[in-house]
Amino acid sequence: MNRMKYVLVSWTRVAGLTAVALLTLGPVIWTVSTSFRAPAESFDLPPRIIPGHATTEAYHQVFAQIDVWLLALNSTLVTALIAVGQMITAGLAGYAFARLEFRFKKPLFGLVLATMMVPVQVTIVPVFLLLKPMGLTDTLLGLILPAWPTAFGTFLMRQYFLGMPKDLGEAALIDGAGPWRIFRSVYAPLATPGLAIIGVLAFNYHWNEFFRPLILETSPQNFTLPLGLVSLQGNLGTGSISVVLAGVVLSMIPAMAVFVIGQRPLREGITSAGVNR
């Protein structure tokens, strides 16, 4: 009886998780499926998951209408450099707030956390006014530099460093190491999983970012991939929704690849952070 109950509970759990997974992946499956359909099949009722006549014409149209390679290169440069920059700034700031003693540390940390409540729509105008005199508007560098400071990353790394043993830093201090050497040689290697979390999250967020590039970039050669895909919306007027969704699928591939590759560091970082705490 207990065995039957265990099997029933297990199958119920699997069925529930499968239903939730299908609901979550449903829009993605429909997007991929529609991108392989002919325009005439895009609005079939009832909708079919498997295209009747699968074709890659929509993908050819995407490459014909926009410079996918240039847009992807711009997005890769911007997101990769932002991810690396946030890992560096979050690591340094988190270590300073966790291990160093200086005046007004708690109020400054509170101010950093307060910036998390300010949406980017509020700060975009001051950022634009600061970048314009420096000649950084309509440049990729203008997208990268303002995104390096990260309040969430600073908070995450502070908590990460607080969970590490103080004895390690004290032993290095007795051996004559300074704060920078202690951070670089002792704590930074141990914080690699936490830094990986920040890098993966930053890459996925900024790869799909649309608002800041829309405001700061005006030249097509500086457009990122999400901004460049907007030019495909003209296909909606002709019923070629498959072309638009083909562009969406192409833009999803790098972010999904980074997430899949980064799953192990994410798990290790979350697990080790929980153990440390």
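Since the model is a prediction, treat every value here as computed from it, not as a measurement. (Residues numbered from 1 in each chain as written. Predicted model: local features only at pLDDT ≥ 70, side-chain atom pairs only at ≥ 80, totals over all residues. Heavy atoms only, no water.)

Caption draft 1: Looking closely at the packing of aromatic side chains. By the definition in use, this model includes 12 aromatic pairs. Ring centres of Phe-36 and Tyr-59 lie 5.1 Å apart, and the angle between their planes is 40 degrees; on these two criteria the pair is classed as tilted. Linking Phe-36 in the loop between helix 1 (2–35) and helix 2 (57–65) with Tyr-59 in helix 2, this pair joins segments that are 23 residues apart in sequence. Judged by relative accessible area, Phe-36 falls into the partly exposed class, the value being 29%. Residue Tyr-59 is classed as buried on the basis of its relative accessible area of 12%. Residues Phe-161 and Tyr-187 carry aromatic rings whose centres are separated by 6.3 Å and whose planes lie at 90 degrees to one another, so their mutual orientation is edge-to-face. Taken together, the positions of Phe-161 in helix 7 (residues 151–162) and Tyr-187 in helix 9 (residues 179–190) put the pair 26 residues apart, joining distant regions of the chain. Judged on exposure class, the residue Phe-161 and its partner Tyr-187 are both buried. Taken together, the aromatic side chains of Tyr-95, Phe-161, Trp-180, Phe-183 and Tyr-187 make up a single cluster linked through ring pairs. A cation sits over an aromatic face here: Arg-158 above Phe-109, 4.3 Å from the ring centre. (Phe/Tyr/Trp six-rings, centres within 6.5 Å; stacked < 30°, edge-to-face > 60°. Helix = DSSP H or I, 4+ residues; strand = E, 2+ residues; numbered from the N terminus. Buried < 20%, exposed > 50% of the residue type's maximum accessible area, 1.4 Å probe, protein only. Lys NZ or Arg CZ within 6 Å of the ring centre and 35° of its normal.)

Caption draft 2: Broad picture of the environment of Ala-171. Tracing the backbone through its elements, the reader meets Ala-171 in helix 8 (residues 166–174). The class for Ala-171 is partly exposed, based on a relative accessible area of 40%. Sequence separation between Ala-171 and Ile-182 is 11 residues; the distance between their C-alpha atoms is 9.5 Å.

Caption draft 3: Up close: the pattern of salt bridges. Enumeration according to the criterion identifies 2 salt bridges in this entry. Between Glu-101 and Lys-105 there is a salt bridge, and its shortest N-O distance comes to 3.4 Å. By relative accessible area, which is 69% here, Glu-101 ends up exposed. Residue Lys-105 is classed as buried on the basis of its relative accessible area of 15%. Its salt-bridge partner being Arg-212, residue Glu-209 comes within 2.7 Å of it at the nearest N-O pair. Accessibility expressed as a relative area gives 11% for Glu-209, which makes it buried. The buried category is assigned to Arg-212, whose relative accessible area is 8%. (Salt bridge = Lys/Arg side-chain N within 4 Å of Asp/Glu carboxyl O.)

Caption draft 4: Structural context of helix 2. Taken residue by residue, helix 2 has Ala-58, Tyr-59 and Val-62 as its buried positions. Taken down its axis, helix 2 places every buried residue within 100 degrees of arc, on the same side. Away from the buried face of helix 2 by more than 90 degrees, exposed residues His-60 and Ala-64 are located. (Arc of directions from axis to C-beta.)

Caption draft 5: Structural context of a nonpolar patch on the surface. A grouping of Leu-22, Leu-25, Val-28, Ile-29, Val-32, Ile-49 and Ile-50 is seen on the molecular surface, where their side chains present a nonpolar patch of about 610 Å² in accessible area. As for its position among the elements, Ile-29 is in helix 1. (Patch = residues over 30% accessible without salt bridge, like charges linked within 9 Å, V, L, I, M, F, W, Y side chains within 5 Å. Areas by Shrake-Rupley, 256 points an atom, 1.4 Å probe, with all protein chains shown as cover.)

Caption draft 6: Broad picture of the nonpolar core. Counting residues in each nonpolar core, the largest one holds 17 residues, and the members touching the most others are Tyr-95, Met-157, Phe-161, Met-164, Ile-182, Tyr-187 and Ala-191. When residues of this core are traced back to their parent elements, those giving at least two are helix 3 (68–99), helix 7, helix 9 and helix 10 (192–207). Among the elements that line this core, the one with the most residues is helix 9, at 5 residues. Counting residues in each nonpolar core, the second largest holds 16 residues, with Ala-58, Val-62, Val-68 and Leu-229 among its members. (Core = buried A, V, L, I, M, F, W, Y, C linked by side-chain atoms within 4.5 Å.)

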